[in-house]
Amino acid sequence: MNRVLIVAEHTDGKLNAAVAKCVACAAAIPEAEISVAVLAKDGKAVADAAAAIRGVARVLLVRNPANEPALAAVLAPQVVKLAHGYGHVFGPSTTFGKDLMPRVAALLGAPQVSDVMAVESATRFRRPVYAGNAIATVEAPAGRQIVATVRVASFQAAPGGGSAPVETPSLDVELPAHTRFVSVSAARSDRPDLQTAARVVSGGRALGSAENFAVIQRLADRLGAAIGASRAAVDAGYAPNELQVGQTGKIIAPELYVAIGISGAIQHLTGIKDARTIVAINKDAEAPIFEVADYGLVGDLFTVVPEIEKLL
Amino acid sequence: MRRILVGIKRVIDYNVRVRVRPDGTGVVTDGVKMSINPFDEIALEEALRIRERGEADEVVAISVGTDDTQQQLRNALAMGADRAILVKADPSVEAPAVARALLELVERENPRLVILGKQAIDDDCNQTGQMLAALWNRPQATFASKIELKGDAARVTREVDAGLETIEVDLPAVCTTDLRLNEPRYIKLPDIMKAKKKPLDVTDMAALGVDPAPLLKVLKYEPPPQRQKGVIVKDAAELVTALKQKGLV
């Protein structure tokens, strides 16, 4: 039996969709027995949601006011305590998991496999390197703990319908006071979440201004899509940082990805290569985005995009 | 002395299209341009700006890597670092060993702040800063887009999935950089000449008492599966028709 502990990400009392994908990844380990750790202030709803993911054997709910908002330095020593007796400790490859898991790994003295995209055995994993220009197969030593982050775009969410028991272990850990949450400025919108949306419309440098980004918003509204952006568009201030798609931004796998005015630098393409269908709209017929697009349309986005809207 | 340590990694240049070697043992590096990891350049730029604001006295550039990395450390000195330290190690060295080597240097140098890139663009691991902070038992402020020092603490704005998060950390602490923190300066020719006279100490993992053996074994590298090239449609109508036929809109 391989015991896997997954650290749950949650915000405002809601379980992050990435957790069910981590469960799917963990379930690919032979003879996996999966626990989900929820570290929260209250956490009841989050723990119940985690318990309903099929494949989860138990949920460990650790309640502490210090656990929200999540700070890696506060969570890590608690995860280390919970990890006792587990061979694998997984978290999502989101900014939450990327921040937390290496801290956990260092405290455990364990190696970390970042961005697991496939499980080949309990110790063998595939992961992208060089912005996805190469896929490495890595082997972790047997008989010691393995920490990993899961590239959520590579996995289909495990289904619901489970009913795992929720345990509430008490942890005797000293938590540091050296790190304090101040604030978060999150754009609240009714739009689908970029990382889990079925459709994504992204804009690039060719939009030319933050005002012109409204072109992207209108099409996204029309399609019920999330909005993304290239690094160039974010650097230029046309779109906020949380919309950046690519090697150092978000890695996504929607059913439909529409790239508008994005040339397609390799760092951007690595963020979308798992998309089912890619549509590219660009003035430059030589743009590299057309090399990966299922449908390419060469033309001026300010003319073409409103036309598409009318036809939908 | 209020000191800032900055991590520098030598990587294949950002603009190079990386290719896997036919035998699967790695990627092609012969004749390929090598540079400072872009996130590390941002880290160095931030340290220099803090020093120029009078909030630090010395910036030390540190690398754990092959002897060739002296080139990148010379570039760091030309950018404005006061001195540099190279810890010689095999190219296979991993984040946990790098973090332990950095910890040894942190204990010798007593920095107020350590700034590292959030990830290296070769192995894309995104681990070293967090691991150093854990081993050092100090705060971490990862993916920083703004760093303000305020007495014995730093206020750091972080690029997170939800947007921008601000945290406050007691110093000393480890920060890792995100893209929007700053735009690194260009190196001027006279600075390259000056950099030749700046101290660059060379040591190695054994001298620091760190076991450099990798924990993970890379069995092989493969090129990623290629997407099939699609079709070019002539206008918006043809595009929408095609998407409707596939049930995508």
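All values derive from a computational prediction rather than experimental measurement.

As a further point, take the overall build of chain B. Regarding its fold elements, chain B presents seven helices and 13 strands. Once the C-alpha set of chain B is aligned to its principal axes, its extents read approximately 70 × 45 × 40 Å. Expressed as a percentage of its 249 residues, the buried residues of chain B come to 49%. The long-range fraction of contacts in chain B, counting pairs at least 24 apart against all pairs at least 6 apart in sequence, stands at 69%.

Per the secondary structure count, chain A includes nine helices and 18 strands. Taken over C-alpha atoms, the radius of gyration comes to 21 Å for chain A, in line with the 20 Å a tight globule of 312 residues would show. Within the span of chain A, comprising 312 residues, buried residues form 61% of the whole. When contacts within chain A are restricted to residue pairs at least 6 apart in sequence, long-range pairs at least 24 apart make up 66% of them.

What follows concerns the interface of chain B and chain A. Counting residues at the interface gives 64 residues for chain B and 71 residues for chain A. At the level of elements, α3 (95-109), α4 (128-136), β7 (140-150), β8 (153-160), β9 (163-170), β12 (217-222), β13 (231-233) and α7 (236-245) of chain B are the ones that each hand at least two residues to the side of chain B that touches chain A. In terms of residue count, β9 of chain B provides more of the side of chain B that touches chain A than any other element does, eight residues in total. Residues belonging to the side of chain B that touches chain A are distributed by class as follows: 36 nonpolar, 10 polar and 18 charged. The sheet contact formed by strand β18 (residues 295-298) of chain A and β13 of chain B spans three bridges and is parallel. Within the sheet, the bridge partner assigned to L297 of chain A lies in β13 of chain B and is V233 of chain B.

Right, let's get into the domain arrangement of chain A. All names here are of chain A. Partitioning chain A into structural domains gives domain 1 (2-167) and domain 2 (199-311). If you average the C-alpha positions of domain 1 and of domain 2, the two centres end up 31 Å apart. At the interface, six residues of domain 1 touch nine residues of domain 2. Residue composition of the side of domain 1 that touches domain 2, by class: two nonpolar, three polar and one charged.

Turning to the nonpolar core, a few remarks are in order. One finds I6, V23, A37, V38 and A50 of chain A together with V6 and A61 of chain B to be the most contacted residues of the largest nonpolar core, which totals 202 residues. Counting residues per element, this core draws most heavily on α3 of chain B, at nine residues. Two domains each donate at least three residues to this core, and these are domain 1 (2-167) and domain 2 (199-311) of chain A. V6 of chain B has contacts with A43, L44, A47, V59, A61, I62, A81 and I115 of chain B, leaving out every residue within four places of it along the chain.

What counts and how
- Residues numbered from 1 in each chain as written.
- Chains lettered and ligands numbered in written order.
- Predicted model: local features only at pLDDT ≥ 70, side-chain atom pairs only at ≥ 80, totals over all residues.
- Helix = DSSP H or I, 4+ residues; strand = E, 2+ residues; numbered from the N terminus.
- Buried ≥ 20, exposed ≤ 12 C-beta atoms within 10 Å, placed from the backbone.
- Contact = placed C-beta atoms within 7 Å.
- Rg over C-alpha atoms; globule rule 2.2 N^0.38 Å.
- Nonpolar A, V, L, I, M, F, W, Y, C, P; charged D, E, K, R; others polar.
- Pairing = 2+ DSSP bridges.
- Domains from an automatic or database assignment.
- Core = buried A, V, L, I, M, F, W, Y, C linked by C-beta atoms within 7 Å.

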